[in-house]
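Spelled out, the chains give:
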Protein chains: 2
Amino acid sequence: MTDVKKTRRRPRSDGQRNREQLLEVAKTAFTVGEVDIPLDEVARRAGVGIGTLYRHFPNRDALIEAVYRAELDRLAEAAPVLAAQHPPVEALRAWMRLFVDYIAAKQVIAPALNGLVGGTGALYAHSGDVLKAAVNSLVSAAIAAGEFRADIDPLDLLRALAGVSNFSAGPGWEGSAKRLVDILITGSRSSAS
Amino acid sequence: MTDVKKTRRRPRSDGQRNREQLLEVAKTAFTVGEVDIPLDEVARRAGVGIGTLYRHFPNRDALIEAVYRAELDRLAEAAPVLAAQHPPVEALRAWMRLFVDYIAAKQVIAPALNGLVGGTGALYAHSGDVLKAAVNSLVSAAIAAGEFRADIDPLDLLRALAGVSNFSAGPGWEGSAKRLVDILITGSRSSAS
DNA sequence: GCATATACGGAGCATTGTTCCGTTTAACAA
DNA sequence: TTGTTAAACGGAACAATGCTCCGTATATGC
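Quantities reported herein were computed from a predicted structural model and do not represent experimental measurements.

A.B. asks: Before we go on, may I ask you to explain the packing of aromatic side chains in this structure?
C.D. replies: Describing an aromatic ring pair means giving the distance of the ring centres and the angle of the ring planes. Residue and element names in this part refer to chain A. Applying the stated criterion to the full structure yields two aromatic pairs over all chains. Both rings, one in Trp-95 and one in Phe-99, keep their centres 5.9 Å apart while their planes meet at 65 degrees; by these two values the pair is edge-to-face. Of this pair, Trp-95 and Phe-99 both sit in helix H5 (residues 88-105), four residues apart, which is roughly one turn of that helix. Judged by relative accessible area, which is 0%, Trp-95 ranks as buried. The exposure class of Phe-99 is buried, given its relative accessible area of 4%.

A.B. asks: Help me understand helix H1 (residues 13-32) of chain B, please; the structure alone is not making it clear to me.
C.D. replies: For an α-helix the count is 3.6 residues per turn, leaving residues at separations of three or four pointing the same way. Residues and elements named next belong to chain B. In this model H1 runs 29 Å from its N-terminal to its C-terminal C-alpha over 20 residues, within 8% of the 28 Å that 1.5 Å per residue would give. Turning to H1, its buried residues number three or more, namely Leu-22, Val-25, Ala-26, Ala-29 and Phe-30. The arc that holds every buried residue of H1, seen down its axis, measures 130 degrees, which confines them to one face. Facing away from the buried side of H1 by more than 90 degrees, the exposed set consists of Ser-13, Arg-17, Glu-20 and Val-32. Check the buried side of H1 and you find it contacts helix H2 (39-46), helix H3 (50-56) and helix H4 (60-85). Two residues or fewer after H1 comes Gly-33, characterised by a positive phi angle close to 105 degrees.

A.B. asks: Just to check I follow, could you spell out the packing of helix H1 (residues 13-32) of chain A against helix H4 (residues 60-85) of chain A for this structure?
C.D. replies: When two helices pack together, you describe them by how their axes are tilted relative to each other and by the distance separating the axes. All names here are of chain A. Relative orientation of the contacting elements H1 and H4 amounts to 80 degrees, with a least axis distance of 10 Å. When the axes of H1 and H4 are compared, the pair comes out roughly perpendicular. Of the residues in H4, those in contact with Leu-23, Ala-26, Lys-27 and Phe-30 of H1 are Leu-63, Ile-64, Ala-66, Val-67, Glu-71 and Arg-74. By residue class, the composition of the contact of H1 with H4 is seven nonpolar, no polar and three charged.

A.B. asks: Whenever I open this one, the protein's contact with DNA strand C confuses me. Can you help?
C.D. replies: The local shell around DNA strand C holds 25 residues, among which A:Arg12, A:Arg60, B:Arg12, B:Asn18 and B:Arg55 are the closest. Backbone atoms, meaning sugar plus phosphate, form 59% of the atoms of DNA strand C positioned within 4 Å of the protein. Note that a base oxygen of DNA strand C is positioned 2.7 Å from one of the side-chain N or O atoms of A:Arg12. Between DNA strand C and the protein, one listed contact pairs a phosphate oxygen with a backbone N or O atom of B:Gly49 at 2.9 Å. Among the secondary structure elements, those contributing two or more residues to the surface near DNA strand C are H1 and helix H3 (50-56) of chain A together with H1 and H3 of chain B. It is H3(B) that provides the largest number of residues to the surface near DNA strand C, a total of five residues. Each residue belonging to the surface near DNA strand C can be placed in one class, and the counts come to six nonpolar, nine polar and 10 charged.

The rules behind these values
Residues numbered from 1 in each chain as written. Chains lettered and ligands numbered in written order. Predicted model: local features only at pLDDT ≥ 70, side-chain atom pairs only at ≥ 80, totals over all residues. Heavy atoms only, no water. Phe/Tyr/Trp six-rings, centres within 6.5 Å; stacked < 30°, edge-to-face > 60°. Helix = DSSP H or I, 4+ residues; strand = E, 2+ residues; numbered from the N terminus. Buried < 20%, exposed > 50% of the residue type's maximum accessible area, 1.4 Å probe, protein only. Expected span 1.5 Å × (residues − 1). Arc of directions from axis to C-beta. Contact = heavy atoms within 4.5 Å. Axes fitted to C-alpha atoms, helices over the stretch in contact; angles between N-to-C directions. Parallel < 35°, antiparallel > 145°, perpendicular 65-115°, else oblique. Nonpolar A, V, L, I, M, F, W, Y, C, P; charged D, E, K, R; others polar. Near = heavy atom within 4 Å. Polar contact = N/O pair within 3.5 Å; in protein donor to acceptor, adjacent residues only side chain to side chain.

And the structure:
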């Protein structure tokens, strides 16, 4: 109840450095496909003890989430930029393709999604919100411009897009994903049906 | 090279019974959300030893796959039936909705997909083929009838659909998924764009 | 009944996630 | 600089779980 507000020390520099090291190592490992990498190994590669890893990330999921969140945040930040550069529908299309590109380039997102969405769901809560806001603004603009039907739920598009990331295996995958983007957009236009 | 073909004994009845018991228990557990259930626990619930479980299913994934495959096979079998009962596009729509229903009712598929698609990929190989064949026949029919554009890749639709299963968390999920089905179909029609 | 292929069960090993706590060190004040 | 202390470190030890191994039990076919 005592609402004390002590002057807190500035966070220790080594702490921040180690945290970043860990994130970097984890991200690299995931990207290369080592999704199941033991945490000891992550710690070792980052040059820290296992205890340090656990202080920064209370459990495995927390680590994965941190990597995942950073990537998705960056993706979300692209939305307003695209919105400023293109007309509504094209901005959305560009963003969706960007999403696909991210998945293609860094397999971080896909594997991470696999392990986590089924799990706590708490993870998805935050990052989901961020992404949701991103698509939402883009879709809203398209609807406001009269290009999209008013009953289009941005989340629907996000769902479909996320699905693509699951099947990121087979060849010709990327092209297929972009084709899907077009199908989704065409299916959402006000001119259709 | 010796192409011997011995007369083999008929499989022991207790073996088959146990196998079915294990599948049943696993399926139930997965459906209830206990995706991470320890294998010992599965064995115990099925009333068998852990050794027995491992003889039937060499590893965890094999067990999940077995459950998963059975479910998806059933789903695939519905395709020809629907095709016989409805005109092409409606048959496809009905099947896609069925897919969504399956996921909604039995959470088996979604968690299983999550854990596995990212993993070996060998699993997906079989069941994927079965599903692929199912959508393929339905989409081909729609294209042949001139209802769908010729460049529609059945796999694209499957990908999007699978994605839905990932986000099976939030409320209003099912309605949203069905809406997505409509978007996909609209976006694939030959009249559009 | 008898022989034997087949299946069973569970102890035990290996790996990996997680906790705990004594030691070290960066930040701040004097 | 130096002393104090909160913050961070490292890794031994514990716990949970996947998986193996092998002696025992029991259908199956004669």
